[in-house]
Amino acid sequence: MTLTHLNARGEARIVDIGDKAATRRRAVAEARLTATPETIAAILGGALKKGDAIAVARVAGIMAAKKTSDLIPLCHPIALSTVTVDIGEDRGALLITAAAETTGQTGVEMEALTAASVAALTLYDMAKAMDRGMRIDGISLLEKTGGKSGDYRRDGAPA
């Protein structure tokens, strides 16, 4: 397997996407925030002293997706057509699911992963006074569509 972000001398480079066809691309990623039942209830109920954590985390995730190329050195800036961040309870934790879409020459996996990660970090920040033992894990790509490499769906990913 060839690493596309390295040149022949092993030096980092941004991938040349100039000859790639623009196609519709979509990626979905998730992150999981585990916390005490009281903290989960406070987040979902809007009962944190800092305010509506769900709304703030959703906006933070969307903003982060738009800034992905500023955060990840070799990512291309992408004109996103939409980004969504959904947050809900799942087996005693909060599941953050982010989707990013574009029509372009490169995929949006990093944008979806960044949105899910930053939304989870924002929830942690807003609830840390209540529960410093929270844990963020399970950051992963669930699916991606479009582009030369075709579609991908993680085994066991929800339909």
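Data block above holds the structure.
Below is a summary of the structure that appears in this document. In this text the structure is predicted, and so the values were computed from the model without any measurement.

With that settled, the discussion passes to the overall build of the protein. Helix and strand content of the protein: 4 helices and 5 strands. Going from N to C terminus, the protein has its helices and strands arranged as β-α-α-α-β-β-α-β-β. When its C-alpha atoms are laid out on the principal axes, the protein stretches across 50 × 30 × 30 Å. The 159 residues of the protein split such that 40% are buried. Looking at the protein alone, contacts between residues at least 24 apart form 70% of all its contacts between residues at least 6 apart. Taking the average place of the 20 positive charges on the side chains of the protein and the average place of its 19 negative ones, the gap between the two points comes to 2 Å.

Before going further, it helps to examine the pairing of strand 4 (residues 135-145). Pairing geometry for strand 1 (residues 23-34) and strand 4, over 8 bridges, is antiparallel. Note that in strand 4 the partner of Val-28 across the bridge is Glu-143. Two strands pair when backbone bridges link them, and strand 4 and strand 5 (residues 152-153) are joined in this way by 2 bridges, in the antiparallel orientation. Of the residues in strand 5, the one forming a bridge with Glu-143 is Arg-153.

As a volume, the largest pocket reaches approximately 630 Å³. Thr-4, His-5, Thr-106, Gly-107 and Glu-109 are the residues nearest the centre of the largest pocket, which is lined by 20 residues in total. Tallying contributions element by element places helix 4 (residues 109-127) first for the lining of the largest pocket, with 3 residues.

Another aspect to go through is unusual backbone geometry. Note on backbone geometry: most residues besides glycine have negative phi, and most peptide bonds are trans. Positive phi values are uncommon outside glycine, yet Arg-91 reaches one of about 50°. Among the structural elements, Arg-91 can be located in the loop between strand 2 (82-90) and strand 3 (93-104).

Let us look at the side chain of Glu-30. Along the chain, Glu-30 turns up in strand 1. At a separation of 3.5 Å, a polar atom in the side chain of Glu-30 contacts the side chain of Arg-154. What Glu-30 contacts, discounting residues up to four positions off in sequence, is Leu-95, Ile-96, Thr-97, Ala-116, Gly-138, Ile-139, Ser-140, Leu-142 and Arg-154.

Here we come to the pairing of strand 2. Sheet faces and side chains relate simply in a regular strand, where the side chains alternate between the two faces. With 9 bridges joining them, strand 2 and strand 3 adopt antiparallel strand pairing. What sits directly across from Asp-86, in strand 3, is Thr-97. Between strand 2 and strand 3, which pair antiparallel one after the other, the connecting turn spans 2 residues, and Arg-91 there sits at a positive phi close to 50°.

Conventions we followed
- Numbering of residues begins from 1 in every chain and follows the order in which that chain's sequence is written.
- Per-residue local features are limited, in this predicted model, to residues with pLDDT of at least 70; the limit for side-chain atom pairs, both in listing and counting, is 80 or more; totals at the level of whole chains, interfaces and linings are taken over all residues.
- With hydrogens and water set aside, each side-chain value is computed from the structure's full complement of heavy atoms.
- Counting from the N terminus, the helices are the DSSP runs of H or I reaching at least four residues and the strands are the DSSP runs of E reaching at least two.
- Categorising residues by exposure relies on relative accessible area from a 1.4 Å probe, with only protein chains included: less than 20% of the type maximum marks a residue as buried, more than 50% marks it as exposed, and the intermediate range marks it as partly exposed.
- Two residues form a contact once any of their heavy atoms are found within 4.5 Å.
- Charge assignment in this entry is limited to Lys and Arg as positive and Asp and Glu as negative, and neither His nor the chain termini are counted.
- Throughout, a charge is located at the NZ atom of Lys, the CZ atom of Arg, the CG atom of Asp or the CD atom of Glu.
- Between any two strands, pairing holds if DSSP finds at least two bridges.
- Cavity: a set of points on a 1 Å grid over the protein atoms alone where a 1.4 Å probe fits but cannot get out. Pocket: an open set with protein on both sides within 12 Å along at least five of seven lines, its lining residues, like those of a cavity, having an atom within 4 Å of a point.
- Grid points are joined across faces, edges and corners, and a volume is the space filled by probe spheres set on the points.
- Think of a polar contact as two N or O atoms within 3.5 Å of one another; within protein, one of them needs to be a possible hydrogen donor and the other a possible acceptor, and neighboring residues in sequence only count if both atoms come from side chains.

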